[in-house]
Amino acid sequence: MGVMMTLRVFFVVIVTVLSSACTSLPEVLQTSADTNLVSYQQVVLNNTTENAHARWGGVIAKVENNADGSVIEIVHYPLSYSGRPNLRAESIGRFKALVDGFIDPLVFKQERVVTVVGSVGQAITDKVQAQPYVYPSIHVSGYHLWEDIKDIDVQTLHIMPYYRFGHGFGFA
């Protein structure tokens, strides 16, 4: 009976640790339950009216600071359940995040992953290199910079334990 009880306690501890490791939406990105959020696709395809609430994310392409505030150009990626942009999905465009105040370009570096929440603004016509581009925009009320994570290729992960017989020899 002692072994079974130990296994049960071990199982409960493992389940507790794993469930606490699950991520949820960062507080700064949360909205009230009755807030309808519009997707990037809805704004691009249907020209959703201004002031609709949105939560978008992606990879930072450029940061500009000017007298009116800061503009972050972001390559859009769909968001996962935790609010983090899913970089394995395909991007369908770019948008500009308009922030009141100064945004440090050394913190908001190119290729950092960010999620913003706010209200949809007017489309902004600009260029991507020499090509004209119409950017959807969002007036930012909150943002979250994500830490870099390393992808683990689980297809090549070896689970098989090593068996050793004697000293110095083993089978993998």
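Per-chain numbering applies: the sequence of each chain, read as written, is numbered from 1 onward. The predicted origin of the model limits local features to residues at a pLDDT of at least 70 and limits the giving and counting of side-chain atom pairs to 80 or more, whereas totals for whole chains, interfaces and linings rest on all residues. Water and hydrogen atoms were dropped before computing side-chain values, which therefore reflect all heavy atoms in the structure.

Visitor: Any details on the environment of Gly58? Residues and values, ideally.
Guide: Secondary structure elements follow DSSP: runs of H or I no shorter than four residues count as helices, runs of E no shorter than two count as strands, and numbering proceeds from the N terminus. Counting through the fold element by element, Gly58 comes out in strand E2 (residues 53–66). Exposure classes here rest on a 1.4 Å probe applied to the protein chains alone. A residue is buried below 20% of its type maximum, exposed above 50%, and partly exposed in between. According to the relative accessible area criterion, Gly58 is buried, its value standing at 0%. Here the alpha-carbon distance between Gly58 and Phe95, two residues 37 residues apart in the chain, equals 9.3 Å. Beyond its immediate chain neighbours, meaning those up to four positions away, Gly58 contacts Ile74, Val75, His76, Tyr77, Pro85, Arg112, Val113 and Val114. In what follows, residue pairs with any heavy atoms lying within 4.5 Å of each other are defined as contacts.

Visitor: I'd like a description of the nonpolar core, backed by residues and values.
Guide: By size, the foremost hydrophobic cluster in this structure holds 21 residues, and its most contacted members are Trp56, Ile72, Phe95, Ala97, Val116 and Ile138. Listed by contribution, the elements that provide at least two residues to this core are helix H2 (40–46), E2, strand E3 (69–77), strand E4 (94–99), strand E5 (113–128) and strand E6 (131–145). Per-element tally for this core: the top contributor is E2, with four residues. Beyond its immediate stretch of four places on either side in the chain, Ile138 contacts Ala54, Trp56, Phe95, Lys96, Ala97, Leu98, Val116, Val117, Gly118, Ser119, Val120 and Gly121. Buried Ala, Val, Leu, Ile, Met, Phe, Trp, Tyr and Cys residues that are joined via side-chain atoms within 4.5 Å together make up what is termed a nonpolar core. In this structure, Leu25, Ala61, Val117 and Trp146 belong to the second largest nonpolar core, which totals nine residues.

Visitor: How would you sum up the side chain of Ser70? Please name residues and give values.
Guide: With respect to the secondary-structure elements, Ser70 resides in strand E3. Since its relative accessible area comes to 2%, Ser70 is described here as buried. Here a polar contact is recorded for every N or O atom pair within 3.5 Å, except that within protein the pair must consist of a potential hydrogen donor and a potential acceptor, and residues adjacent in sequence are included only if both atoms are side-chain atoms. Here the side chain of Ser70 touches Ile103 through a polar contact of 3.0 Å, landing on its backbone nitrogen. Among residues more than four places away in sequence, those in contact with Ser70 are Glu64, Asn65, Ala97, Leu98, Val99, Gly101, Phe102 and Ile103.

Visitor: Can you lay out the pairing of E6 for me, pointing to particular residues and giving the numbers?
Guide: Summarising the sheet, E4 and E6 pair through three bridges and their orientation is parallel. Among the inter-strand pairings, Lys96 is bridged to a residue of E6, identified as Ser137. Strands were regarded as paired on the criterion that DSSP finds at least two bridges between them. Sheet analysis places E5 next to E6, joined by 13 bridges and oriented antiparallel. Pairing of Val128 across the sheet is with Gln131, part of E6.

Visitor: Explain the packing of aromatic side chains to me, using residue names and the numbers behind them.
Guide: Here is the rule: rings of Phe, Tyr and Trp (six-membered ring for Trp) pair when centre to centre is within 6.5 Å. Planes less than 30 degrees apart are stacked, more than 60 are edge-to-face, and the remainder are tilted. Taken as a whole and assessed by the stated rule, the structure comprises five aromatic pairs. Ring centres 6.2 Å apart and planes at 55° place the aromatic pair Tyr40 and Phe95 in the tilted group. On the criterion of sequence distance, the pair formed by Tyr40 in helix H2 and Phe95 in strand E4 is long-range, its members being 55 residues apart. Where Phe108 meets Tyr143, the ring centres are 5.2 Å apart and the plane angle is 70°; that geometry is what we call edge-to-face. One end of the pair, Phe108, is in the loop between E4 and E5; the other, Tyr143, is in strand E6, with 35 residues separating them in the sequence. The exposure class assigned to Phe108 is buried, which follows from its relative accessible area of 5%. Given a relative accessible area of 36%, Tyr143 falls into the partly exposed group. Counting every residue linked through ring pairs, the aromatic cluster contains Tyr40, Trp56 and Phe95. Charge-over-ring placement is defined geometrically: NZ (Lys) or CZ (Arg) within 6 Å of the ring centre, and within 35 degrees of the ring normal. Here Lys96 stacks its cationic end above the ring of Tyr135, 4.6 Å away from the centre of that ring.

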